[in-house]
Amino acid sequence: MAKKDEKNSIPQHVAIIMDGNGRWAKKRFLPRAMGHSAGARNVETICEDAWNLGIKYLTVYAFSTENWTRSDDEVSALMKLLKQYMEGCIEKSRKNNMRVRVIGDISRLSKDMQDAIRRLEDFSKDFDGLQFQVALNYGGRDEIVRAVKGIARDVESNGLDPEKIDEAFISSRLDTSDIPDPDLLIRTSGELRISNFMLWQLAYTEMYFTDVYWPDFDKEELKKAIEYYGGRERRYGGRKA
Ligand code: IPE
Ligand code: IPE
Ligand code: MG
């Protein structure tokens, strides 16, 4: 296999399915909510580590459209934690020059949460350090449904010619419109599923799965994932990418 140059061995965009908070807590005889708090703290460190390792875009899956089916107690604990995270993130974004955006349907979230998200996005919009996306009430299928509805409305009312709809056009209507597709997907906790994450964007992404639970996924683990990526020969349609 041809040796990659340094530039290509670091993924530009890493997406993470942060899984295993509940099992991490269970192993320690702690309530699940404690696992989520530990997971949230870990996000902060991983953002800094990712940037220091040369990653430009990081997207994390924080709450899926399916996660509403969890118990009311767990959903409210997660929402409370996520809101605190959004509020505290303003200071972190300033400190680390980090731009933060939320992907997902935020219209179903509380007004307080929506306000916190808007404040954070607006505050950090010109920062050119790590470009950090938090997927919140996010589902890949839901994202595609919302995009298709918008496009259908444009065909119906705004004179959009259906012939103009190609892959690039659809990409431009997704929540990730100005963000490149992930180069590397990481899922922690040993599950080998996509769980409705970035279905369109992951079409040619390399995948890395580890048994480590999310709160334990540290810089060394991130380095292992990047090393794995560096050893892959990326292909696109059977040709070297
Ligand atoms: C991931 O951890 C966090 C969210 C999905 C919000 P889990 O809560 O799924 O933890 P496990 O999979 O039950 O261990
Ligand atoms: C995926 O994890 C969603 C997030 C990490 C936010 P889940 O734990 O909810 O996924 P499943 O149910 O195991 O597929
Ligand atoms: Mg899980």
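Quick caveat, the model's predicted, so the values are computed rather than measured. (Residues numbered from 1 in each chain as written. Chains lettered and ligands numbered in written order. Predicted model: local features only at pLDDT ≥ 70, side-chain atom pairs only at ≥ 80, totals over all residues. Heavy atoms only, no water.)

Visitor: Give me unusual backbone geometry: which residues, what numbers.
Guide: Even without being glycine, Ser-189 reaches a positive phi, approximately 80°. Within the secondary structure, Ser-189 sits in the loop between strand 5 (184-187) and strand 6 (206-209). Residue class for Ser-189 comes out buried when judged on its relative accessible area of 5%. A positive phi angle is found at Met-198, which is not glycine, with a value near 40°. Position of Met-198 among the secondary structure elements: in the loop between strand 5 and strand 6. (Helix = DSSP H or I, 4+ residues; strand = E, 2+ residues; numbered from the N terminus. Buried < 20%, exposed > 50% of the residue type's maximum accessible area, 1.4 Å probe, protein only.)

Visitor: An account of the packing of aromatic side chains is requested, with residue identities and associated values reported.
Guide: If you walk through the whole model with that rule in mind, you get eight aromatic pairs. Between Tyr-61 and Phe-197, the ring centres sit 4.3 Å apart and the planes meet at 15°, which makes this aromatic pair stacked. In this pair, Tyr-61 sits in strand 2 (residues 57-64) while Phe-197 sits in the loop between strand 5 and strand 6, placing the two residues 136 residues apart along the sequence. For Tyr-61, a relative accessible area of 7% translates into the label buried. (Phe/Tyr/Trp six-rings, centres within 6.5 Å; stacked < 30°, edge-to-face > 60°.)

Visitor: Talk me through helix 5 (residues 111-124); I want residue IDs and the actual numbers.
Guide: Its 14 residues give helix 5 an end-to-end C-alpha distance of 20 Å, which sits within 8% of 20 Å, the value for a rise of 1.5 Å per residue. Within helix 5, burial applies to Met-113, Gln-114, Ala-116, Ile-117, Leu-120 and Ser-124. Buried residues of helix 5 fall within an arc of 160° about the axis and therefore sit on the same side. Where helix 5 is buried, its residues meet helix 4 (72-96), strand 3 (99-103) and strand 4 (131-138). (Expected span 1.5 Å × (residues − 1). Arc of directions from axis to C-beta. Contact = heavy atoms within 4.5 Å.)

Visitor: I'd like to hear about the sheet that holds strand 3, residue by residue, with values.
Guide: Ordered in space as 3-4-2-1-5-6, the six strands form an open sheet in which the pairing is parallel. Looking at the sheet topology across the chains shown, the edges are occupied by strand 3 and strand 6. Averaged over all pairs of adjacent strands, the angle between their axes in this sheet comes to 20°, without regard to strand direction. Direction of pairing for strand 5 relative to strand 6: parallel, over a ladder of four bridges. (Pairing = 2+ DSSP bridges. Axes fitted to C-alpha atoms, helices over the stretch in contact; angles between N-to-C directions.)

Visitor: Could you give an account of the site of ligand 1, naming the residues involved and the relevant values?
Guide: Neighbouring ligand 1 are 13 residues; Asp-19, Gly-22, Arg-23, Arg-32 and Arg-70 lie closest to it. Within the backbone of Asn-21, an N or O atom sits 3.2 Å from an oxygen atom of ligand 1. Residue Arg-70 places a side-chain N or O atom 2.7 Å away from an oxygen atom belonging to ligand 1. Protein chains shield 86% of the accessible area of ligand 1, which is 380 Å² for the free molecule. Structurally, ligand 1 is housed in the largest pocket. Considering every element that reaches the shell around ligand 1, the biggest residue donor is helix 2 (residues 21-27), with three residues. Split into classes, the residues belonging to the shell around ligand 1 amount to three nonpolar, five polar and five charged. (Near = heavy atom within 4 Å. Polar contact = N/O pair within 3.5 Å; in protein donor to acceptor, adjacent residues only side chain to side chain. Areas by Shrake-Rupley, 256 points an atom, 1.4 Å probe, with all protein chains shown as cover. 1 Å grid on protein atoms, 1.4 Å probe; cavity = no way out; pocket = protein on both sides within 12 Å on 5 of 7 lines; lining within 4 Å. Sits in = over half its atoms within 2 Å of the grid points. Nonpolar A, V, L, I, M, F, W, Y, C, P; charged D, E, K, R; others polar.)

Visitor: Please give an account of the layout of surface pockets that cites residues and values.
Guide: As a volume, the largest pocket reaches approximately 590 Å³. Along the wall of the largest pocket there are 32 residues; nearest its centre are Met-18, Tyr-61, Ala-62, Asn-67 and Arg-70. If you list the elements that add at least two residues to the lining of the largest pocket, you get helix 2, helix 3 (32-52), strand 2, helix 4 and strand 4. Here the lining of the largest pocket is built from residues that sort into 15 nonpolar, nine polar and eight charged. Forming the boundary of the second largest pocket are 13 residues, of which Asp-181, Gln-201, Ala-203, Tyr-204 and Tyr-236 lie nearest the centre. Sorting the residues of the lining of the second largest pocket by element identifies helix 7 (167-172) and strand 7 (235-236) as the ones contributing at least two each. In terms of residue class, the lining of the second largest pocket is made up of six nonpolar, two polar and five charged. (Points joined across faces, edges and corners; volume = space filled by probe spheres on them.)

Visitor: Outline the site of ligand 2, supporting the account with residue identities and numerical values.
Guide: The full set of residues close to ligand 2 is Ile-17, Met-18, Asp-19, Tyr-61, Ala-62, Phe-63, Asn-67, Arg-70, Arg-187, Arg-193 and Ser-195. Within the side chain of Arg-70, one N or O atom sits 3.2 Å away from an oxygen atom of ligand 2. The side chain of Arg-193 places a nitrogen or oxygen atom 2.7 Å from an oxygen atom of ligand 2. The protein chains hide 76% of the 390 Å² of surface that ligand 2 would expose on its own. More than half of the atoms belonging to ligand 2 lie within 2 Å of the grid points that define the largest pocket. Take the shell around ligand 2: its biggest share by element is three residues, from strand 2.

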